[in-house]
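Structural characterization, general
Given next are the chains, with one letter for each unit.
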Amino acid sequence: MSAENQSQVWPTFKRLWPYVLPYKMAFIAAIIAMMVYGGVDAAMIYLVKPLIDSGLADGNASTFKWAPLVVVGLFMIRGLGNFVSTYCMAWVSQHVIRSMRQAVFEKYLKLPVTYFDSRSSGDLISKITYDTEQVSRASTNALISMVRDGFTVIGLLFIMFYESWQLSAIFFLVGPVVAWVITIVSRRFRKISKNIQAAMGGVTSASEQMLKGHRNVLAFGGQEVESARFDKVNNHTRQQNMKLAAAQAISQPAIQIIGSIALAVVLFAASFPSVLDSLTPGSFVAIIGAMMGLMTPVKHLTRVNAEFQRGIAAASSVFEVLDEAEAVDNGSVELKRVKGEVRFDNVTFRYNEESDPVLKQIDLAIPAGQTLALVGRSGSGKSTLSSLLPRFYDIASGTITIDGQDIRDVTLASLRNQIAMVSQQVILFNDTIANNIAYACDEAVTREQIEAAAEAAHVMDFVKDMPDGLDTLVGEDGVLLSGGQRQRIAIARALLRDAPILILDEATSALDTESERAIQAALETLQQGRTCLVIAHRLSTIENADQIVVMDKGAIVEKGDHNDLMNHGGIYAQLQQLQASD
């Protein structure tokens, strides 16, 4: 194996070992069982020598009497070794994969929002499902074959050198050539395996997009478009797998041909009288049998090398995720329940260093218990501004404070515990309505509190008609509910959280007129005594806000209450007139 290959493989092995360590006894038992299996295979070939020399050449009949018992005994030991090695390795492997999947899943929970902004969910899911499964295959099938066949090779080599080191040395002249072929093939396998992982991410992503947007696909007649898109990524995966199959198919016969040449040279060398005189018939057959026996395990090792390299590439891919920088959480201050005074002082934000600022020198002050509404055209920076308060993104310059405390000095958990959010994109989990309302709340939350929140958010208006009431399952992402119903559940979730700061990101955008009236009353109750940052599309919902801020191209262009801005006759007044005319 080349230095380049070692530089990739050994660090990966070192990273995998801590996952294996808790199950090391089962791992060791599997290794010992594999050694026994490999040793028995070699012993079966060596058994030929006494049968020929003692049984046939010397005519010793007793040799053939005990030989059957030895054969049966060896096969029983071999079968036991096979069971123990296979079962123990599968047991260890499944625990390792469970640990790795859990580690990747928990890592996703700690990564910053920017990580997910630049990657498709299909690729991320593929890391948890496909990549970890490849590690499993490498750590079971491939490792079992490598260790088992490896010890068979060692046993056969011992037989060869014990009987005639001269002939065995000739056979070993081709060793470096075989090693070179395996090294080249291994590098090729690992490269193709990485391409296969990327291709599988594309398959997952294309499938997920179609399934999530199934109704839109049907509504716009996009079946052929989606079919063509999936066919492209699906065919790319096939091509990569065929490249792997081709490399595998070429490598096996190439190594066998090289081995056959070495065997031919040995047979030629054995024709010399000096060599023939030093060997008994049994020794010669045992040597040739061992040399021919080497072909099978070497072929197996070459075949599983593809799987092994695929597992190494997959493990490297998983470790890349685990090595990603987590969301910065250097704060040491634990916020208790705050009053809710929020300030943005000269805040500038850009998504990355190369991009232009999305927000420019924002100065805002929201006294505790007051409501500030953000309005403006789409893309003006309203939602981005609201995302800075819970630190989904970190600002480039300036400061954001809550009760005078810089939010960068506060732990993320305690900061986000002060904030409840209701956005236009409601996320519901495939669980009951009650559990969605009480999502991530501690066990102290009672059923009565859940029902009270549901009543205040007008959830009970539609729940009372459901056979299971609040225990009704909502389906994946709330697919069994209407947009307005999902929105009301999100508002009930915010009510139950009872946080001092509230962010409403177009919270009534998914509601019909009747629902909006009911929800608006609930929102007014929810906003009492809380600091509220409201992003509004329907301006009629924020006319009573204490402050209204108009944004355009990432900057504040107007600020004041409803009457001031209407009298000013600027952008806000124009937006009001447009909506009124609509």
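The present account deals with the structure reproduced in this document. (Residues numbered from 1 in each chain as written. Predicted model: local features only at pLDDT ≥ 70, side-chain atom pairs only at ≥ 80, totals over all residues. Heavy atoms only, no water.)

There is a patch of nonpolar side chains on the surface, built from Met25, Ile28, Ile32, Met35, Val36 and Ile77 and spanning about 540 Å² of accessible area. For the nonpolar patch, the leading source of residues is helix 2 (residues 24–46), giving five residues. Positionally, isoleucine 32 belongs in helix 2. (Patch = residues over 30% accessible without salt bridge, like charges linked within 9 Å, V, L, I, M, F, W, Y side chains within 5 Å. Areas by Shrake-Rupley, 256 points an atom, 1.4 Å probe, with all protein chains shown as cover. Salt bridge = Lys/Arg side-chain N within 4 Å of Asp/Glu carboxyl O. Helix = DSSP H or I, 4+ residues; strand = E, 2+ residues; numbered from the N terminus.)

Right, let's get into the packing of aromatic side chains. A full pass over the atoms with the stated rule returns 10 aromatic pairs. For the ring pair phenylalanine 349 and tyrosine 351, a centre distance of 5.0 Å and an interplane angle of 80° mean the geometry is edge-to-face. Exposure remark for phenylalanine 349: the relative accessible area of 2% places this residue in the buried category. Within the aromatic cluster, the residues linked to one another by ring pairs are Tyr108, Tyr115 and Phe116. (Phe/Tyr/Trp six-rings, centres within 6.5 Å; stacked < 30°, edge-to-face > 60°. Buried < 20%, exposed > 50% of the residue type's maximum accessible area, 1.4 Å probe, protein only.)

Moving on to the packing of helix 16 (residues 447–456) against helix 18 (residues 483–497). Put simply, helix 16 and helix 18 touch, their axes get as near as 8 Å, and they point 130° apart. Considering their axes alone, helix 16 and helix 18 lie oblique with respect to each other. Here helix 16 runs over helix 18; the crossing is right-handed. Contacts between helix 16 and helix 18 involve Gln449, Ile450, Ala453, Ala454 and Ala456 from the first element and Ala492, Leu495 and Leu496 from the second. Taken together, the residues that form the contact of helix 16 with helix 18 break down as seven nonpolar, one polar and no charged. (Axes fitted to C-alpha atoms, helices over the stretch in contact; angles between N-to-C directions. Parallel < 35°, antiparallel > 145°, perpendicular 65-115°, else oblique. Left-handed = near helix turned anticlockwise from the far one by under 90°. Contact = heavy atoms within 4.5 Å. Nonpolar A, V, L, I, M, F, W, Y, C, P; charged D, E, K, R; others polar.)

Across a regular strand the side chains alternate sides, sitting on one face of the sheet and then on the other. Within strand 3 (residues 371–376), six of the six residues are buried, which leaves the element mostly enclosed by the surrounding structure. On strand 3, burial covers both faces: Thr371, Ala373 and Val375 on one face and Leu372, Leu374 and Gly376 on the other are all buried. Bridge analysis of strand 3 against strand 8 (residues 531–535) gives four bridges, and the strand direction is parallel. Of the residues in strand 8, the one forming a bridge with leucine 372 is leucine 533. Pairing analysis gives five bridges linking strand 3 to strand 9 (residues 547–552), with the strands arranged parallel. The residue of strand 9 that forms the bridge with glycine 376 is methionine 551. (Pairing = 2+ DSSP bridges.)

By secondary structure assignment, the location of phenylalanine 392 is in the loop between helix 13 (382–388) and strand 4 (397–402). Given a relative accessible area of 27%, phenylalanine 392 falls into the partly exposed group. With near-sequence residues (within four places) excluded, phenylalanine 392 lies in contact with Val113, Ser387, Arg416 and Met421.

These values are about where atoms sit, not about what they do.
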